[in-house]
Amino acid sequence: MTYDVAVVGAGVVGCAIARALARHPRLRVALVEAQDDVGQGTSKANTAILHTGFDAVPGSLEARLVREGGRLLAAYAAESGIPVEEVGALLVAWDEEQFAALPRLAEKAERNDHHATGLIGPADLYEREPHLGPGALAALHVPGESVICPWTTTLAYATQAVRHGVDLHLNSRVERASRQDDTHVLTTGRGTLRARWLVNAAGLYADTLDRHLGHHDFSVTPRRGQLLVFDKLARDLVRHILLPVPTALGKGVLVAPTVHGNVLLGPTAEDLDDKRATGSTADGLALLREKGRRILPGLLDEEVTAVYAGLRAATEQDDYRISAHPEQAYVTVGGIRSTGLTASLAIAEHVTGLLTEAGLDAGSARDLEPARMPNLGEAFPRPYQRPELIAADPEYGTLVCHCERVSRGEIRDALTSTIPPAGLDGLRRRTRARAGRCQGFYCGAAVRALFEGVGE
Amino acid sequence: MSATREVDVLVVGAGPAGLAAAARLAAAGVGRVEVLDREQEAGGVPRHCAHGGYGTLLHPLTGPAYARLLITAAERAGAVVRTGVTALDWAGPLALHTVGPRGPETIGARAVVLATGARERPRAARLVPGTRPAGVYTTGELQQAVHLYGQRIGSRAVVVGAEDVSYAAADTVRTAGAAVVAMTTDLPRARTAPARALDTRLRRGIPLLTGTTVTELVGHGRLSGVRVRHHDGRTATLPCDTVVFTGDFVPDHELARRGGLTLDAGTRGPAVDGSLHTSRPGVFAVGSVLHAVESAATAAREGAHAAGAVLERLAGAERHEGVPLIAEPPLCRIVPNRVTPGDRLPYVLRTATPLTRPVLRVTQNGRLLHRERRWTPTALPNRTLTLTAGWTGRVDPKGGPVRVTIS
Ligand SMILES: Cc1cc2nc3c(=O)[nH]c(=O)nc-3n(C[C@H](O)[C@H](O)[C@H](O)COP(=O)(O)OP(=O)(O)OC[C@H]3O[C@@H](n4cnc5c(N)ncnc54)[C@H](O)[C@@H]3O)c2cc1C
Ligand SMILES: Cc1cc2nc3c(=O)[nH]c(=O)nc-3n(C[C@H](O)[C@H](O)[C@H](O)COP(=O)(O)OP(=O)(O)OC[C@H]3O[C@@H](n4cnc5c(N)ncnc54)[C@H](O)[C@@H]3O)c2cc1C
């Protein structure tokens with residue numbers, strides 16, 4: 001069988017593209033992923049901020065797609081039950097130089113169509129953030145910056161895509177790609193796939209796949225970001241996303257609440273050559289703690305519940321590398337560096353546009369059935385807080401993971417969902433089971449037993 | 001939410017401490033004594049300690065046997081033990097929101113006893129860098145996996161730590177049919193009974209790497225090794241597919257914190273006076289949540305002791321604030337951490353550095369209240385030190401803080 005379109009890479013970007021294509025009933029779409037789950041690459045390990053795009057490079061493709069994507073995703077999240085909290089950001093100036101940069105950032109925000117920023121003085125700043133470390137001079141308040149659940153987002157796209165007929169091929173790394181008689185032939189670890197059109201959304205490996213098709217437009221240099229997640233008991237220490245004034249290397253180290261009720265500290269920015277270097281390092285963690293101590297001293301007294309690192313797909317250029325190659329029936333979606341979660345839905349629109357412009361006949365479009373996702377957000381009622389749900393099914397009142405208050409009902413639902421988890425990490429991203437302060441001391445074995453189906 | 005149901009005493013946590021408190025309260029004739037536990041089975045940590053080490057010298061017991069004994073005692077005395085019910089948060093000074101399969105319920109009481117226990121710090125909290133592979137355990141998870149669920153755990157394990165619980169972890173690894181590649185500790189020697197350390201090292205052939213820190217976990221998907229560094233600078237990678245982080249206990253103080261109870265800086269658990277009363281009148285705390293962790297016998301003794309104080313409170317006794325009790329370095333903590341004249345519960349302490357022939361001194365405003373030479377030749381970190389309470393009658397309730405020093 002030959003697919004109309006094959007999307008390589010089931011990260012947040014590939015899943016969004018597959019979902020957009022699923023609106024066209026006549027298209028047969030394959031979503032091809034090397035790993036055993038969706039969203040196992042950079043999409044699982046980021047800072048989880050739904051950006052406004054206030055600080056993007058004005059006029060760039062990224063600036064436009066982040067701005068549009070942010071709005072699209074906020075609306076989509078409301079429809080799908082993806083937790084989002086619009087907490088707003090504060091760009092905190094700690095010295096004169098940073099203080100002097102704030103008006104320029106406000107101006108840049110204007111040029112990015114964000115007209116609501118405001119400078120606030122120290123008194124107002126400390127009133128808004130009473131636990132902020134001493135010495136902050138002022139801040140730029142950026143309303144609209146939000147936090148979101150990255151895992152639920154990717155999973156919602158993929159779930160909707162699969163429910164509307166997209167074939168998800170997991171464990172299928174594309175090892176070779178060639179063209180025969182106007183058809184792409186993809187050699188994967190699990191056999192051969194054919195498709196008339198190809199979308200490369202392979203994240204860190206988009207350059208490799210691009211080369212298979214004869215292009216040498218860019219190369220990906222992984223830029224590692226390490227992060228610390230602090231216990232839920234730290235959540236009351238911070239109300240906004242606390243951003244540093246940006247530097248040349250990136251957005252710098254921030255402190256942000258998460259929708260799961262934790263506090264994030266990070267990320268670092270380290271240029272590497274190893275695309276598998278998703279480990280944390282002693283130096284990285286020491287640096288984060290040093291920065292964190294300045295921003296929010298009380299944070300350092302709290303327990304750390306997770307340490308992780310993600311790799312940004314940085315390239316030679318300061319913009320996304322999205323390009324159509326109509327003669328090859330091929331679109332590259334590369335260099336989606338540090339904003340891809342936010343921009344995902346707009347990237348998907350943009351890519352669908354490029355495909356149809358290049359000659360893909362997508363046929364008519366339909367509205368998709370919304371995917372109602374399980375809520376992992378603390379700002380919305382979780383199953384254990386819903387008496388009507390527990391009355392209907394006591395499994396939602398039977399807690400298994402105590403730190404995160406995950407019920408047996410939620411674990412059961414995840415295991416029988418459209419895209420069930422392939423392992424305990426996938427189960428954690430779907431339910432938060434084992435994601436809390438004890439990291440499995442209490443519940444690890446019980447959760448594993450449920451996963452392995454012997455805990456009934 | 002739902003209407004509040006009233007009981008006389010609500011105990012949160014059905015481990016040794018909570019069960020002992022409930023048993024004594026019910027035996028003393030308190031009407032409704034209710035113990036909640038969020039697990040499906042009561043018993044607390046001993047449930048999964050299949051090894052011995054519980055009970056008394058004359059009547060040694062395995063953990064599960066000890067847990068059953070305590071559950072039976074509490075239930076026979078008339079306490080109601082409810083499992084699968086989590087105390088979520090406070091609904092008032094002496095009321096808690098709970099949830100279980102039968103839905104939410106708010107329970108009010110005349111007194112609340114917090115017995116929520118403690119956990120080991122997992123890898124993340126210890127900031128051990130590296131990848132995030134499968135095969136990383138704490139002793140608690142390991143014991144449950146092996147003893148309660150019969151799960152496979154891998155074939156070659158490194159045990160991080162060399163205190164009692166670490167040796168229990170090593171035993172569990174072997175029960176699961178896996179080999180212990182090595183035990184590591186950043187201290188200069190093991191902190192367990194010398195005979196046990198020797199037996200493990202010589203008869204079982206498990207090397208103990210002292211002065212050694214775990215610097216990184218390696219492996220994608222599954223753990224493939226643990227990098228270590230010796231204090232002298234040497235480094236090595238220990239190939240293994242399993243690693244167990246043992247000890248380094250922290251109290252489960254979530255309810256105490258959410259309730260705004262005063263915490264003790266040394267223990268991170270709720271601060272308590274000699275009757276184990278917290279800073280909130282009517283709320284008591286017992287067991288590992290006070291001091292993570294001492295023996296189960298200590299936890300149970302505190303449960304019974306607090307029950308006495310609860311009875312007095314129910315009978316209308318006043319609470320005495322007492323004065324702070326401060327453990328001076330190298331002591332790192334003392335429990336109880338407030339003192340009222342006439343307190344009778346012995347104190348448990350820990351030192352941060354090893355000391356030989358230690359002498360404990362208790363003073364208030366420079367006045368010596370008590371001096372005690374330990375009968376043990378040494379005081380070691382991660383080992384319990386006790387101090388009698390015979391001197392508390394000499395405390396001036398209007399004086400300054402009482403200080404405990406060691407030399
Ligand atoms: C530290 C950090 C912080 C960030 N913070 C934010 C933020 O706050 N907000 C935001 O919007 N964005 C943020 N980002 C960026 C965002 O995470 C990324 O832009 C986004 O996840 C990229 O998604 P993707 O689908 O392109 O890539 P990925 O998620 O990496 O997906 C690519 C997929 O392709 C698969 N693949 C690769 N090669 C092949 C092959 N040959 N065959 C089959 N499959 C293949 C991979 O396995 C992978 O699953 C951050 C990134 C990092 C690293
Ligand atoms: C691996 C390991 C090995 C040990 N080996 C020994 C040994 O050999 N000998 C020995 O004497 N001691 C040993 N100990 C120590 C001993 O187990 C503890 O001292 C003892 O269990 C403490 O009792 P506890 O009641 O304070 O807490 P726990 O036994 O921890 O019980 C606390 C209970 O509270 C419940 N709980 C917590 N929060 C809530 C809530 N919000 N709502 C409802 N329920 C809640 C928990 O589910 C748990 O059941 C060991 C400890 C560990 C971890």
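All of the points below concern the structure found in this document.

Quick notes on the rules
- Residues numbered from 1 in each chain as written.
- Chains lettered and ligands numbered in written order.
- Predicted model: local features only at pLDDT ≥ 70, side-chain atom pairs only at ≥ 80, totals over all residues.
- Heavy atoms only, no water.
- Helix = DSSP H or I, 4+ residues; strand = E, 2+ residues; numbered from the N terminus.
- Rg over C-alpha atoms; globule rule 2.2 N^0.38 Å.
- Buried < 20%, exposed > 50% of the residue type's maximum accessible area, 1.4 Å probe, protein only.
- Contact = heavy atoms within 4.5 Å.
- Lys, Arg positive; Asp, Glu negative; His and termini not counted.
- Charge placed at Lys NZ, Arg CZ, Asp CG, Glu CD.
- Buried area = accessible area lost by both parts, 1.4 Å probe.
- Salt bridge = Lys/Arg side-chain N within 4 Å of Asp/Glu carboxyl O.
- Core = buried A, V, L, I, M, F, W, Y, C linked by side-chain atoms within 4.5 Å.
- Near = heavy atom within 4 Å.
- Polar contact = N/O pair within 3.5 Å; in protein donor to acceptor, adjacent residues only side chain to side chain.
- Areas by Shrake-Rupley, 256 points an atom, 1.4 Å probe, with all protein chains shown as cover.
- Nonpolar A, V, L, I, M, F, W, Y, C, P; charged D, E, K, R; others polar.
- Phe/Tyr/Trp six-rings, centres within 6.5 Å; stacked < 30°, edge-to-face > 60°.
- Lys NZ or Arg CZ within 6 Å of the ring centre and 35° of its normal.
- Pairing = 2+ DSSP bridges.
- Axes fitted to C-alpha atoms, helices over the stretch in contact; angles between N-to-C directions.
- 1 Å grid on protein atoms, 1.4 Å probe; cavity = no way out; pocket = protein on both sides within 12 Å on 5 of 7 lines; lining within 4 Å.
- Points joined across faces, edges and corners; volume = space filled by probe spheres on them.

### Some thoughts on the overall build of chain A
The helix and strand inventory of chain A stands at twelve helices and 22 strands. Relative to the 2.2 N^0.38 estimate, which gives 23 Å for 456 residues, the radius of gyration of chain A is 22 Å and therefore close to what a compact globule would have. Principal axes of the C-alpha set define a box for chain A whose edges measure 70 × 55 × 40 Å. Residue burial in chain A is summarised as follows: out of 456 residues, 62% are buried. For chain A, the share of sequence-separated contacts (at least 6 apart) that also reach a separation of at least 24 residues comes to 73%. Averaged over its 49 positive side-chain charges, chain A has a centre that lies 3 Å from the centre of its 57 negative ones.

### Things to note about the interface of chain B and chain A
The partner chain A presents 42 residues to the 43 residues of chain B that form the contact. Together, Arg119(B), Leu127(B) and Arg132(B) form the three largest contributors to the area buried by chain B at its contact with chain A, with a combined 17%. Linking chain B to chain A there are five salt bridges. The set of elements that each furnish at least two residues to the side of chain B that touches chain A consists of strand E7 (86-92), strand E8 (95-100), strand E9 (103-108), strand E11 (118-120), strand E12 (136-138), helix H3 (139-148) and helix H6 (254-258) of chain B.

### Thoughts on the nonpolar core
Core analysis: the biggest nonpolar cluster contains 61 residues, and Val9(B), Leu96(B), Val112(B), Val113(B), Leu114(B) and Val310(B) have the highest contact counts within it. Excluding anything up to four places from it in sequence, Val310(B) contacts Val9(B), Leu25(B), Ala111(B), Val113(B) and Phe284(B). Core analysis: the second largest hydrophobic core is formed by 56 residues, Val38(A), Ala156(A), Val351(A) and Leu354(A) among them.

### Looking at the site of ligand 2
All names here are of chain B. The immediate surroundings of ligand 2 are formed by 35 residues, with Asp37, Val45, Gly53, Ser288 and Glu294 found nearest. The backbone of Ala17 places a nitrogen or oxygen atom 2.9 Å from an oxygen atom of ligand 2. Asp37 places a polar side-chain atom, nitrogen or oxygen, 2.5 Å from an oxygen atom of ligand 2. Contact with the protein chains removes 92% of the 1000 Å² of surface that ligand 2 exposes when unbound. Each residue belonging to the shell around ligand 2 can be placed in one class, and the counts come to 17 nonpolar, 14 polar and four charged.

### Topic: the site of ligand 1
All names here are of chain A. Around ligand 1, a shell composed of 38 residues is seen, among which Glu33, Ser43, Ile49, Val174 and Thr342 lie nearest. Separating an oxygen atom of ligand 1 from a backbone N or O atom of Val13 is a distance of 3.1 Å. Contact between ligand 1 and Thr42: an oxygen atom at 3.1 Å from a main-chain N or O atom of the residue. Contact with the protein chains removes 96% of the 1000 Å² of surface that ligand 1 exposes when unbound. When contributions to the shell around ligand 1 are tallied by element, the ones reaching two or more residues are helix H1 (12-22), strand E18 (304-314) and helix H8 (340-357). Split into classes, the residues belonging to the shell around ligand 1 amount to 17 nonpolar, 17 polar and four charged.

### Describing the packing of aromatic side chains
Geometry of an aromatic ring pair is reported as the spacing of the ring centres plus the angle between the planes. Within this structure, the stated rule accounts for four aromatic pairs over all chains. Considering the side-chain rings of Tyr347(B) and Trp391(B), the 5.5 Å spacing of their centres and the 25° angle between planes classify their relative orientation as stacked. Of this pair, Tyr347(B) sits in strand E25 (residues 347-351) while Trp391(B) sits in the loop between strand E30 (385-387) and strand E31 (402-406), and the two are 44 residues apart along the sequence. Note on accessibility: Tyr347(B) and Trp391(B) belong to one class, buried. Positioned above the aromatic ring of Tyr396(A) is the side chain of Arg412(A), whose terminal nitrogen or guanidinium carbon lies 5.4 Å from the ring centre.

### Some thoughts on the sheet that holds E25(B)
Residue and element names in this part refer to chain B. Taken in spatial order, the three strands make up an open sheet running E23-E25-E30, and their pairing is antiparallel. Sheet topology places strand E23 (331-335) and E30 at the edges, where each strand pairs with a single neighbour. In this sheet, neighbouring strand axes are inclined to one another by 25° on average, regardless of whether the strands run parallel or antiparallel. The sheet contact formed by E23 and E25 spans four bridges and is antiparallel. Bridged to Arg333 within E25 is Arg350.

### Quick notes on the pairing of E18(A)
Residue and element names in this part refer to chain A. Burial within E18 is extensive, with eleven of its eleven residues counted as buried. Here strand E13 (residues 221-230) runs beside E18; their pairing, made up of ten bridges, is antiparallel. Paired with Arg224 across the bridge in E18 is Leu311.

### Considering empty space enclosed by the protein
Evaluation of the coordinates by the stated rule reveals four cavities of 30 Å³ or more. Taken together, 14 residues form the lining of the largest cavity, with Asp231(A), Leu233(A), Glu303(A), Arg119(B) and His253(B) sitting closest to its centre. Of all the elements in the fold, those that place two or more residues in the lining of the largest cavity are strand E20 (249-251) and H6 of chain B. Broken down by class, the residue content of the lining of the largest cavity amounts to three nonpolar, one polar and ten charged. Volume-wise, the second largest cavity comes out at about 80 Å³. Lining of the second largest cavity is provided by Asp37(A), Val38(A), Gly39(A), Ser43(A), Lys44(A), Trp151(A), Thr154(A), Leu155(A), Arg429(A) and Arg430(A). Contributing elements (two or more residues each) for the lining of the second largest cavity: helix H5 (150-163) and helix H11 (424-431) of chain A. Considering each element in turn, the lining of the second largest cavity owes the most residues, three residues, to H5(A). Its residues assigned to classes, the lining of the second largest cavity shows three nonpolar, three polar and four charged.

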